[in-house]
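Remarks on the overall topology
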Amino acid sequence: MNINFKGKRALIRVDFNVPLDQEYRITDDTRIREALPTIRYILDAGGSVILMSHLGRPLQKLNADGSINREKFTLKHLVAYLRRKLKTRVYFVDDCVGKKARAKAAALQPGQVLLLENTRFHPEEEKGDPEFARQLAQLGDVYVNDAFGTAHRAHASTAVVAQYFSPENKCFGFLMQREIENADRVLKDPAHPVTCIVGGAKVSDKIVLLERFLQFADAIVIGGAMAYTFFLAKRGAVGKSLVEPDRVKSAREFLKKAKASGVKVMLPKDSVCGDRFAADAAIQVHRSDQIPDGWMGLDIGPSASKSFARVIRQSKTIVWNGPMGVFEMAPFAEGTKAIARAVARATAKGAFSMVGGGDSVAAVNQLKLAKKISFVSTGGGAMLEYLEGRELPGIAAIRS
Ligand code: AMP
């Protein structure tokens, strides 16, 4: 953040989309905690801070009479928490644009914070309306984007607003900078061997990612339900495993491309299968290409875990997206656990490891292994798109 914030009003886009309980108490404050260093830095530098964020999807969850459920989706619920954490004045204004917001922003003194109401109370936010973005921009002297999780959206507060600030008056916050730097460490000139681990439910969600990984990976490890579409492509029998028949062709083409570019693709040799999709299903281990009728692959098997772990442990760069099985159910979590442990072990030996873009983050947290991974992204869908090589509107807007 190479801006001198002294005496400046910094308009910061944060991601305060936190879960709240029935009494509107914060049940997981991770997202807010992660934004605090940027806020504190600007306050300590003699600036004031105007925070804008969305919370939930208020326009998709209207009251029965068609009005916005302001009680449920107001960001006011966060004021007391912010006061406690920041130990300074935190004001709140019940609209993110308009006269009141302008007056409160203008009156803000260095060291003070103003939290704006949920930007998604206005349909113009998600539409990326330039006039609405201009009104937001009026509130601050400089713009800071620290909401990596929404950087893939071309919304008014995440991208369009930035066009009203000159290049020297806009920047990324620390959280966003860290996400970009770590992803770039994988994408640009990574240390070899590079192993990319991809799992999760669907080939259709991950095919772009897989193709991208072909550009720099030495090995690509595939687990999760998506592996069974690959086995179909290899004419294996997969019982009633979750598959996408319409993706068999793209799976086959991917395998061909990988072969041509000399990238080793590893599929799970065996699978832990259930007779139904349930935690108390009957369990059998089968070869993944010989799953009997009536059985479904719900996790990678012990032999697959071992061979995947071996490759992972020898890697210098590891990127992981998506679980190896239905890790939410204990009997099918072992594969994901084994991979998480192997990644942690490789990291301890000096590899750079990054987990990001969805459920594998939850798995790593559940296993309490997050501290043993070099970088655990909180970026979700935004990280997935960044790894896929897409230009994220929120990043482009700051760089332009
Ligand atoms: P994704 O969001 O694409 O990373 O997919 C994550 C979801 O895929 C998790 O909810 C897992 O339970 C699910 N999943 C992983 N492996 C399997 C499998 N073999 N069969 C069914 N679902 C699976």
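Residues numbered from 1 in each chain as written. Predicted model: local features only at pLDDT ≥ 70, side-chain atom pairs only at ≥ 80, totals over all residues. Heavy atoms only, no water.

Let's shift gears to the packing of aromatic side chains. In the structure shown here, the tally under the stated rule is seven aromatic pairs. Here Phe5 and Tyr41 contribute two aromatic rings whose centre-to-centre distance is 6.3 Å and whose plane-to-plane angle is 90°, an arrangement assigned as edge-to-face. Pair noted here: Phe5 is in the segment before strand E1 (9–13) and Tyr41 is in helix H1 (residues 30–44), with a separation of 36 residues, a long-range link. Judged by its relative accessible area of 1%, Phe5 falls in the buried class. (Phe/Tyr/Trp six-rings, centres within 6.5 Å; stacked < 30°, edge-to-face > 60°. Helix = DSSP H or I, 4+ residues; strand = E, 2+ residues; numbered from the N terminus. Buried < 20%, exposed > 50% of the residue type's maximum accessible area, 1.4 Å probe, protein only.)

Tracing the backbone shows Leu267 in the loop between strand E10 (264–266) and strand E11 (270–274). Taking the C-alpha atoms as reference points, Leu267 and Ala227, separated by 40 residues in sequence, lie 6.5 Å from one another. Excluding residues that lie within four positions of it along the chain, Leu267 makes contacts with Ile222, Ala227, Phe230, Phe231, Lys234 and Phe308. (Contact = heavy atoms within 4.5 Å.)

A word on the pairing of strand E16 (residues 352–355). Burial along E16 is two-sided: Phe352 and Met354 facing one way and Ser353 and Val355 facing the other are all buried. As judged from the four bridges shared by strand E15 (residues 317–321) and E16, these two strands associate in the parallel manner. In the strand pairing of E16, Trp320 is matched with Val355. For the segment spanning E15, helix H12 (residues 334–348) and E16, crossover handedness is right-handed. Bridge count between E16 and strand E17 (residues 375–376): two bridges; the pairing is parallel. Residue Met354 lies in a different strand from E17, and its bridge partner there is Phe375. (Pairing = 2+ DSSP bridges. Right-handed = clockwise from strand over helix to strand, strands pointing away.)

Counted under the stated rule, the structure contains 17 salt bridges. Arg276 is the partner of Asp275 in a salt bridge, and the nearest nitrogen-oxygen pair spans 3.9 Å. In this structure Asp275 comes out as partly exposed when scored by relative accessible area, which is 27%. When salt bridges that share partners are traced, they join Asp21, Glu23 and Arg25 into one network. (Salt bridge = Lys/Arg side-chain N within 4 Å of Asp/Glu carboxyl O.)

Buried residues dominate strand E7 (residues 194–198), accounting for five of its five residues. Across five bridges, E7 lies against E15 in parallel orientation. Note on E15: the bridge partner recorded for Cys196 is Val319. Where E7 and strand E8 (residues 219–222) come together, four bridges link them in parallel fashion. Looking across to E8, one finds that Ile197 is bridged to Val221.

For Glu117, the location among the structural elements is in the loop between strand E4 (113–116) and helix H5 (123–127). Polar contacts involving the side chain of Glu117 include one to the side chain of Thr74, which spans 2.6 Å. One polar contact links the side chain of Glu117 to the main-chain amide nitrogen of Leu75, over a distance of 2.9 Å. What Glu117 contacts, discounting residues up to four positions off in sequence, is Ser53, Phe73, Thr74, Leu75, Phe92, Val93, Asp94, Asp95 and Cys96. (Polar contact = N/O pair within 3.5 Å; in protein donor to acceptor, adjacent residues only side chain to side chain.)

Our focus in this paragraph is the packing of helix H8 (residues 203–213) against helix H9 (residues 226–233). Two elements in contact, H8 and H9, have axes separated by 10 Å at closest approach and are oriented at 80°. Classified by the angle between their axes, H8 and H9 sit roughly perpendicular to one another. In this structure, H8 uses Val203, Lys206 and Leu210 to contact H9, whose residues at the interface are Met226, Thr229 and Phe230. Within the contact of H8 with H9, the residues separate by chemical class into four nonpolar, one polar and one charged. (Axes fitted to C-alpha atoms, helices over the stretch in contact; angles between N-to-C directions. Parallel < 35°, antiparallel > 145°, perpendicular 65-115°, else oblique. Nonpolar A, V, L, I, M, F, W, Y, C, P; charged D, E, K, R; others polar.)

This part takes up the domain arrangement of the protein chain. Assigned domains within the protein chain: domain 1 (9–172) and domain 2 (180–387). The C-alpha centroid of domain 2 is placed 36 Å from the C-alpha centroid of domain 1. At the interface, six residues of domain 1 touch eight residues of domain 2. Between domain 1 and domain 2, the buried area comes to about 580 Å², and carbon and sulfur atoms account for 74% of it. Of all residues in domain 1, Glu34, Phe148 and His152 give up the largest surface area on contact with domain 2, accounting jointly for 78% of the area buried on that side. Inspection of the domain 1/domain 2 interface yields zero salt bridges. Applying the counting rule to domain 1 against domain 2 returns one residue pair in polar contact (both at pLDDT 80 or more). For the side of domain 1 that touches domain 2, a count of residues per class yields three nonpolar, two polar and one charged. (Domains from an automatic or database assignment. Buried area = accessible area lost by both parts, 1.4 Å probe.)

Of all hydrophobic cores here, the largest spans 74 residues; its most connected members are Phe148, Ile220 and Phe230. Among the elements that take part in this core, H9 stands out by supplying six residues, more than any other. Of the residues that make up this core, three or more belong to each of domain 1 (9–172) and domain 2 (180–387). Those residues within four positions of Phe230 in sequence are excluded, and the remaining contacts are Val203, Leu210, Ile222, Ala251, Phe254, Leu255 and Leu267. (Core = buried A, V, L, I, M, F, W, Y, C linked by side-chain atoms within 4.5 Å.)

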